[in-house]
Structure formats: structure tokens, C-alpha cells
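Secondary and tertiary structure notes
One letter stands for each residue in the lines below.
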Amino acid sequence: MTVVRDSAGRYFASFVIETGPQETLPGSPTEIGVDLGLTHFAVLSDGTKIDSPRFLRRAEKRLKKAQRDLSRKKKGSANRAKARLKIARAHARVADARREFHHELSTRLIRENQAVAVEDLAVKGLARTRLAKSVHDAGWSAFVAMLEYKAARYGRAFVRIGRFEPTSQVCSTCGVKDGPKPLDVREWTCGACGSTHDRDVNAAVNVALAAGLAVSARGAQVRPAPVPAPRDEAGTHPKLTPTAAA
Ligand SMILES: [Zn+2]
């Protein structure tokens, strides 16, 4: 067993166990495309929009407050040292909350769908811009990695498509490239076929189509948001799960 103490003063014990044969899930008739974005964490080709949960946003708020408090403390003072430890703890809580959210969502998507497709991250293009920080914070690559290993574990198909075509510019109904759309354009009507698209849902449908998945044309229409996955679905809790590094 390895015991690790992190910068927030928390102890983790890690060890290796042997597990049984591959777990299986009952087959699912649905296949889904996922668009990872900045206005929502993820938008699905069936119209579902997923935002980061309140417990993660709360943890982020606490971290910001701790950072503000630190700047007001006198350099070299005991209070400053205390404030710094508080920041480390708040950082750790944000990381834990984000990981929990990623686990819940990735488990749900793999459980509910026979095939999941994501774009080979737009992050590459965005990472060099001023959006870099929010992209980083969104933790897309960690999330996509979870999708991939869970798909392998449960016998689902996972497809990563390259950015050969800008998914937000192409009409998912007729395939015509409708031209660049600034980020503030949330909805648009195709000049060629007259379909009206939600920007992100259209992108998610294009991801699914590019991956060769079966998505109905109805996917382009906006549907009501689904009930969030139950908290216990992922079966992991940060308090019980050591970090991957540990
Ligand atoms: Zn069209």
C-alpha cells in the first residue's frame, strides 16, 4: 500500500486489487453524439443539454473567495500561511467535485447508449485563445478519457472523430455548409433546406453522423432537459476514491 499526503494536507492510501471478468451491460438501442462546449458542458445529439452541477459551481465559488482572502493577508504572516492552506483545500475540493461530475456523466452516457461519439477535442483550437482557461477548467480531456475506458470496460463503441469539418457550420439535415457562425449565434436556419438548428445540438448531431452512428433527424430539434443522473450512479465518491495519481 502506498500512502500519499497532498498539498491540501489530505492523506490517500492506494493499493491494487484483482477484479473478476469484464462487466457487461444490457444492449441499448440508442447511439449518441456529444458536443463539448463552453455554454454547456456537453450537448447531446438527442437535444439534451448538460451543465456542470451545483456542487461543482459551489466549490468553484469557495475557491475564488479563498483566493481573494489570500491577497488581503500580509506577506509572511501566519494568517497568510493559513489562507494558503485554505486555498489548497478549496482547490482539492474543486478537483474532487469535477471528477465526481465527470464520473457520473460518463457512466450515464455509456450505460444509456450502445455507441458514443465525441469530437477529437476542439480544445486544441481553443487552447491557444483567451478561452484557454475555461477550456482547461472544463476538463474535457479527463472526461473523454473516462468515456473511452468505460466504453471498453462495458463493451460499448466509442468513436473519436477528427475535426475535418466544422460541426457548427454544417447543416445536420442536408449537409450543406452554411458558413461561419460567431459564438453568439445560438440558433440558425439553413439557407439550403430551411431547417432551424440549435447551434450545439446541430454540432452534436454532426459528430454522431461523422462517426457513422444512427441518429434520427429529430435529433436536431430541441427537447426538454432530462432528469440528472442520481448521485450514486457512478459508484465512486471523491472521499472514498484516491486520486488517479496517488
Ligand atoms: Zn440544410
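Computed from a predicted structure; not experimentally measured. (Residues numbered from 1 in each chain as written. Predicted model: local features only at pLDDT ≥ 70, side-chain atom pairs only at ≥ 80, totals over all residues.)

Comments concerning the overall build of the protein chain
A tally of regular secondary structure across the protein chain gives six helices and nine strands. Expressed as a percentage of its 246 residues, the buried residues of the protein chain come to 30%. A separation of at least 24 residues holds for 66% of the contacts in the protein chain among residues at least 6 apart in sequence. (Helix = DSSP H or I, 4+ residues; strand = E, 2+ residues; numbered from the N terminus. Buried ≥ 20, exposed ≤ 12 C-beta atoms within 10 Å, placed from the backbone. Contact = placed C-beta atoms within 7 Å.)

Considerations on the packing of helix α2 (residues 78–112) against helix α5 (residues 140–154)
Between α2 and α5, the shortest axis-to-axis distance is 9 Å and the interhelical angle comes to 40°. Comparing the axis directions of α2 and α5 gives the class oblique. Crossing of α2 over α5 shows right-handed handedness. In this structure, α2 uses H102, H103, S106, T107, L109 and I110 to contact α5, whose residues at the interface are A142, F143, M146, L147, K150, A151 and Y154. (Axes fitted to C-alpha atoms, helices over the stretch in contact; angles between N-to-C directions. Parallel < 35°, antiparallel > 145°, perpendicular 65-115°, else oblique. Left-handed = near helix turned anticlockwise from the far one by under 90°.)

Side note on the pairing of strand β2 (residues 11–14)
As defined by bridge partners, strand β1 (residues 2–5) adjoins β2 across four bridges and the pair is classed as antiparallel. Each bridged residue has a counterpart across the sheet, and for R5 the counterpart in β2 is Y11. Where β1 folds back on β2, the antiparallel hairpin that results is connected by five residues, among which G9 adopts a positive phi of roughly 80°. (Pairing = 2+ DSSP bridges.)

Focus: the nonpolar core
Counting residues in hydrophobic clusters, the biggest one holds 36 residues, and the most contacted among them are V34, V116, A117, A204, V207 and A208. What V116 contacts, discounting residues up to four positions off in sequence, is I32, V34, L109, I110, L147, A151, R156 and F158. (Core = buried A, V, L, I, M, F, W, Y, C linked by C-beta atoms within 7 Å.)

Focus on the pairing of strand β6 (residues 115–119)
β6 sits mainly inside the fold: five of its five residues count as buried. What you see with β6 is no split at all: A115, A117 and E119 on one side and V116 and V118 on the other are buried throughout. Pairing of strand β3 (residues 31–36) with β6 involves four bridges; the strand directions are parallel. In the strand pairing of β6, V34 is matched with V118.

Examining the environment of V201
Position of V201 relative to the elements: it lies in helix α6 (residues 199–210). In this structure, the C-alpha to C-alpha distance between V201 and K49, residues 152 residues apart in sequence, is 8.3 Å.

Thoughts on the environment of C193
Topologically, C193 is positioned in the loop between β8 (187–189) and β9 (196–198). Sequence-distant contacts of C193, defined by excluding residues within four places in its chain, comprise C171, T173 and C174.

Let's talk about the sheet that holds strand β4 (residues 42–44)
The five strands are arranged β5-β4-β3-β6-β7 in an open sheet whose pairing can be described as mixed. Each edge of the open sheet is held by one strand with a lone partner, namely β5 (49–50) and β7 (157–161). Alignment of β3 against β4, held across three bridges, turns out to be antiparallel. Bridge assignment links L36 to a residue of β4, and that residue is A42.

Some details on the packing of helix α1 (residues 54–72) against α2
Two elements in contact, α1 and α2, have axes separated by 9 Å at closest approach and are oriented at 160°. Judged by the angle between their axes, α1 and α2 are roughly antiparallel. For α1 against α2, the interelement crossing comes out left-handed. Residues F55, L56, A59, E60, R62, L63, A66, Q67, D69 and L70 of α1 touch α2, and the partners they reach there are R80, A83, R84, K86, I87, A90, H91, R93, V94, A97, R98 and F101.

Structural notes on the environment of I161
Position of I161 among the secondary structure elements: in strand β7. Residue I161 is classed as buried on the basis of its C-beta count, with 20 C-beta atoms lying within 10 Å. For the pair I161 and D120, spaced 41 residues apart in sequence, the C-alpha to C-alpha distance is 5.4 Å. Setting aside chain neighbours within four positions, we find I161 in contact with A117, E119, D120, V207, A210 and A211.

With respect to α5
Over its 15 residues, α5 extends 21 Å from the first C-alpha to the last, a length consistent with the 21 Å expected when each residue adds 1.5 Å. Taken together, the buried positions of α5 are W140, F143, V144, L147, K150 and A151. Within α5, the buried residues cover an arc of 130° as seen down the axis, which keeps them to one side. Just downstream of α5, G155 is the residue with a positive phi angle, here 70°. (Expected span 1.5 Å × (residues − 1). Arc of directions from axis to C-beta.)

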